[in-house]
Amino acid sequence: MRSFVKLLIAPAAFAAVLVALAAAGLSPVSLMEAALLAMTPLALAAAGEALNQKGGISNIGIDGIFLITATVAVLGAEDFGNGYAGMLVGAALGGFLGLIHGFLSTYAKANQIVAGIGLNIFSYGFVPYFLMAAWGFPGIRVPPKEVLVPLRVVPITGTSFRLSEFSVLAVVFAVVLHFILYRTPLGLRIRACGESPEAVDVAGVGVFRLRIALSTLGGAMAGLGGAFMSLAWFGGVVKEISAGRGFIALACVVASGLEPLLSLGFAFIFGFSEALAYAVAITPGIKELVPYHLVLSTPYVVTLAIVAVFIGRRRFPRSLGQPYVKD
Amino acid sequence: MSLRIGALHAARRLSEASLALAVGLAISSILILAYGYDPAKALYWLFYGGFGTQTVFLDSLAYATPLMLTGAAFAVCASAGMFNIGVEGQAYMGAVGGVVFGGLLVRYLQVPGPLGVLVALAGSATLGALWAVGPALLKVLRGIHEVISSIMFNWMAFYMAMYLVRGPIVNPARPEMSISVEPSARFSVIFRGSVLTEAIYFAVLASVLTYLVLKLTKLGFEIRLVGAGLDVARYAGISTKKAMVSAYLLSGALAGLGGGLIVTGRPPVWSIYGTLGNITNVGFDGIGVSLIAANNPVAVVFSSVLIGGLWNGSRFMEPYARVSSELSRAVIGLIVIALSTPEVLRLVRRLVMRWKT
């Protein structure tokens with residue numbers, strides 16, 4: 001009963017916030033449009049990484065995957081002349097990077113945090129290099145409009161709402177992965193793999209293979225998110241396009257205690273706070289009240305505050321981040 | 001005896017690091033080749049431009065100078081078993097502190113000669129440490145992984161520095177940069193015609209001191225014990241939280257000094273660009289520097305010279321081999337990835353040995 005009441009509090013409070021913002025002159029429709037766009041890459045990456053961490057590997061290189069796939073997906077879209085092909089290129093490349101991280105974290109017994117840091121640093125160098133190598137122009141690429149992924153217009157009474165099918169897909173993914181994790185034998189294996197890999201091993205399931213598969217899945221979903229940023233959201237790529245969102249996705253994961261559905265909720269909160277910060281920073285009448293650059297830092301402050309509040313009650317898989325060594 | 005073991009250990013680390021460098025350069029060569037450039041030419045200019053002549057080598061040392069401090073900063077936290085990815089943001093704030101103290105305070109108080117440098121760097125260390133307080137407390141009080149929290153602090157520092165540099169501390173005469181530090185708060189150039197300043201003496205001294213603090217003091221011992229494992233430290237009766245926070249603050253102060261050395265020790269600007277172009281990545285490169293040096297602050301001095309040389313050389317690689325200079329950061333990333341897996345490196349070494357014999 002109490003949890004049911006709690007379930008109602010959040011949407012009610014959110015509706016109240018929207019009404020208050022509308023009164024302050026910020027359109028709720030465009031705010032929600034922007035929030036769902038900002039939510040999508042976070043939600044995709046967070047759901048995949050939640051499963052990955054449940055299985056025992058943590059990948060802090062998500063930000064690097066975002067950056068690399070956002071950039072290469074643009075080239076894919078231009079070469080195939082189709083934005084959806086570009087999204088697939090992003091997902092495939094992300095999966096490949098996740099596969100490498102999975103291999104390093106299992107067979108190669110890597111320190112997963114160091115490997116993740118390395119992937120991030122690599123991406124900070126690779127992306128400017130790639131932009132220059134592929135298009136001969138430093139730091140930015142705006143592809144022709146035809147190869148972008150268009151937003152769909154959803155008619156709602158009185159107004160129209162622009163929405164990407166990938167935002168819907170992100171929600172579907174979160175639900176499906178949550179179901180797999182908690183309602184299927186495979187999910188049981190995944191959870192056991194993070195808690196006591198020895199037992200899983202004894203039961204005849206390959207710990208390494210399962211972990212690598214999860215890392216690949218996590219990478220592919222982050223890659224889809226990265227491609228979404230450049231092809232569906234911003235309509236182009238700049239060399240710092242991810243702006244630390246990979247780490248915000250990780251914050252969603254830890255704040256949710258590695259639960260895909262809950263991480264979706266956090267992804268929405270962060271997406272909304274980013275949309276709100278940007279709206280405040282550009283809306284005449286409001287933007288004069290606060291310094292532009294300080295407003296842009298609010299999503300990061302919100303992230304810290306939310307993680308600080310919610311993390312206290314979480315517990316994490318026993319062997320998360322530990323390389324599994326067979327006896 | 002223990003000295004001999006130490007030397008053996010150092011030799012093994014050195015061979016691991018060189019192997020990682022080789023792996024990084026090999027994969028980068030593939031990337032260079034894949035986009036139709038000439039890897040031999042690119043690598044030649046990368047190394048010739050970094051280490052080939054005395055002039056470029058001096059400039060490489062200048063590039064290395066701030067990295068020694070951000071590297072030592074990361075090493076301190078790593079000794080306590082923590083990853084201070086926040087060195088980047090702490091360095092931004094350190095640069096801001098250097099400009100505020102070395103520009104405004106030094107001018108206001110009319111601080112003379114060498115003392116002005118110390119005032120400026122005091123500002124850097126203070127602001128750097130201040131920016132480390134948040135992640136440190138979130139870690140010990142709420143158990144939030146420092147990697148996530150310090151990245152958030154990096155972005156807050158980025159926007160904070162951008163706001164300050166374009167607003168309150170903008171140079172009225174040249175709005176594309178901040179005010180400069182006063183001449184009395186600048187390190188002097190060692191050789192004419194090079195950008196190398198006496199800041200490098202300060203950086204080397206600070207790295208060595210950091211090493212001594214870690215090895216010889218009670219605080220250093222506690223930090224290393226925490227790094228060896230929380231249970232060990234707890235059984236030894238150490239306040240693990242206190243040691244972790246101390247390590248983080250010391251790390252933040254060092255990273256702040258790294259940012260401070262850019263504004264007090266690098267001609268000709270002595271200030272921060274409005275794009276933050278001259279201070280970005282000094283922290284991330286320091287992370288690479290520290291990991292290459294196996295998180296040993298003295299070894300950091302040498303790995304800084306390597307990375308500084310790569311950066312300096314990349315300025316030659318761009319015009320002469322047409323390869324974007326940013327590729328050197330990809331090389332650093334690949335080196336770090338290779339170093340994360342000593343097992344693989346060992347395997348590669350064994351294969352190389354077998355192939356040789």
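Caption draft 1: The overall build of chain A, seen in detail. From N to C terminus, chain A includes 13 helices and 4 strands. The globule rule puts the C-alpha radius of gyration for 327 residues at 20 Å, and the 20 Å found for chain A is close to it. Along the first, second and third principal axes, the C-alpha set of chain A runs to 65 × 60 × 35 Å. Evaluated residue by residue, chain A yields a buried proportion of 52% over its 327 residues. Partitioning the contacts of chain A with sequence separation of at least 6, the portion at a separation of at least 24 is 78%.

Caption draft 2: A look at the overall build of chain B. Regarding its fold elements, chain B presents 14 helices and 0 strands. Reading chain B from its N terminus to its C terminus gives the helix and strand order α-α-α-α-α-α-α-α-α-α-α-α-α-α. Dimensions of chain B along its principal axes, counting C-alpha atoms only, are 70 × 60 × 35 Å. Burial analysis of chain B (357 residues in total) assigns 57% to the buried set. Long-range contacts, defined as pairs at least 24 residues apart, comprise 77% of the intrachain contacts of chain B with a sequence gap of at least 6.

Caption draft 3: Spotlight on the packing of helix 11 (residues 282-292) of chain B against helix 12 (residues 297-321) of chain B. Residues and elements named next belong to chain B. Helix 12 packs onto helix 11 with a crossing angle of 125° between their chain directions and a minimal axis gap of 8 Å. Between helix 11 and helix 12, the interaxial angle falls into the category oblique. In this structure, helix 11 meets helix 12 at a crossing whose hand is right-handed. Contacts between helix 11 and helix 12 involve Asp285, Gly288, Val289, Ser290 and Ile292 from the first element and Val300, Ser303, Ser304 and Ile307 from the second.

Caption draft 4: Highlighting the interface of chain A and chain B. Listed as interface residues are 39 residues of chain A and, on the opposing side, 41 residues of chain B. If you tally residues by element for the side of chain A that touches chain B, the top one is helix 5 (residues 112-135) of chain A, at 15 residues.

Caption draft 5: Representation of unusual backbone geometry in the model. Cis geometry marks the peptide bond from Pro267(B) to Pro268(B); its omega dihedral reads 0°. Mapping Pro268(B) onto the fold places it in the loop between helix 10 (240-265) and helix 11. Phi is positive for Lys109(A), which is not a glycine, with a value near 50°. Relative to the assigned elements, Lys109(A) resides in the loop between helix 4 (83-105) and helix 5. Take Lys109(A): there are 17 C-beta atoms within 10 Å of it, and that puts it in the partly exposed class. In this structure, Arg322(B) is a non-glycine residue whose phi angle is positive, near 60°. On the secondary structure map, Arg322(B) appears in the loop between helix 12 and helix 13 (327-339).

Caption draft 6: Focus on the nonpolar core. Core analysis: the biggest nonpolar cluster contains 231 residues, and Cys252(A) and Ala161(B) have the highest contact counts within it. If we ignore the near neighbours within four places in the chain, the residues touching Cys252(A) are Leu42(A), Ala46(A), Ser263(A), Phe266(A), Ala267(A) and Phe270(A).

Caption draft 7: Local environment of the environment of Leu276(B). Residue and element names in this part refer to chain B. One can find Leu276 in the loop between helix 10 and helix 11. For Leu276, a count of 19 C-beta atoms within 10 Å puts it in the partly exposed group. Aside from chain neighbours lying at most four places away, what touches Leu276 is Tyr92, Phe158, Ala161 and Met162.

Caption draft 8: Looking closely at helix 11 (residues 260-282) of chain A. The end-to-end C-alpha separation of helix 11 of chain A is 33 Å, in line with the 33 Å expected for 23 residues at 1.5 Å each. The buried count for helix 11 of chain A comes to 17 of 23 residues, which makes it a mostly enclosed element.

Caption draft 9: Representation of the packing of helix 3 (residues 62-80) of chain A against helix 10 (residues 245-255) of chain A within the structure. Residue and element names in this part refer to chain A. At a closest axis distance of 7 Å, the pairing of helix 3 and helix 10 adopts a crossing angle of 135°. Between helix 3 and helix 10, the angle falls in the class oblique. Where helix 3 crosses over helix 10, the handedness of that crossing is right-handed. Counted together, Ile62, Asp63, Gly64, Ile65 and Phe66 of helix 3 and Arg245, Gly246, Phe247, Ala249 and Leu250 of helix 10 form the full contact between these two elements.

Caption draft 10: The arrangement of the confidence of the model for chain B in detail. Residue-level pLDDT values for chain B average 90, and 99% of them are 70 or greater. Across chain B, element-level confidence peaks in helix 7 (residues 199-216) of chain B with a mean pLDDT of 96 and bottoms out in helix 14 (residues 342-356) of chain B with 72.

Caption draft 11: Region of the structure containing the environment of Trp233(A). Within the fold, Trp233(A) resides in helix 9 (residues 207-233). Among all residues touching Trp233(A), those that are not within four sequence positions of it are Leu37(A) and Phe228(A).

Caption draft 12: Structural view of helix 12 of chain B. Residue and element names in this part refer to chain B. In this model, helix 12 (25 residues) spans 34 Å end to end at C-alpha, consistent with the 36 Å of a helix rising 1.5 Å per residue. Along its length, helix 12 reaches its greatest deviation from straightness, about 25°, at Ser314. At the exit of helix 12 stands Arg322, carrying a positive phi of roughly 60°.

Caption draft 13: Representation of the environment of Ala213(A). Position of Ala213(A) relative to the elements: it lies in helix 9. Measuring from C-alpha to C-alpha, the distance between Ala213(A) and Gly102(A) comes to 7.6 Å, with 111 residues separating the pair along the chain.

Reading the values: the criteria
Residues numbered from 1 in each chain as written. Chains lettered and ligands numbered in written order. Predicted model: local features only at pLDDT ≥ 70, side-chain atom pairs only at ≥ 80, totals over all residues. Helix = DSSP H or I, 4+ residues; strand = E, 2+ residues; numbered from the N terminus. Rg over C-alpha atoms; globule rule 2.2 N^0.38 Å. Buried ≥ 20, exposed ≤ 12 C-beta atoms within 10 Å, placed from the backbone. Contact = placed C-beta atoms within 7 Å. Axes fitted to C-alpha atoms, helices over the stretch in contact; angles between N-to-C directions. Parallel < 35°, antiparallel > 145°, perpendicular 65-115°, else oblique. Left-handed = near helix turned anticlockwise from the far one by under 90°. Core = buried A, V, L, I, M, F, W, Y, C linked by C-beta atoms within 7 Å. Expected span 1.5 Å × (residues − 1). pLDDT = per-residue confidence, 0-100. Bend = angle between axes of the 7 residues up to and from the residue.

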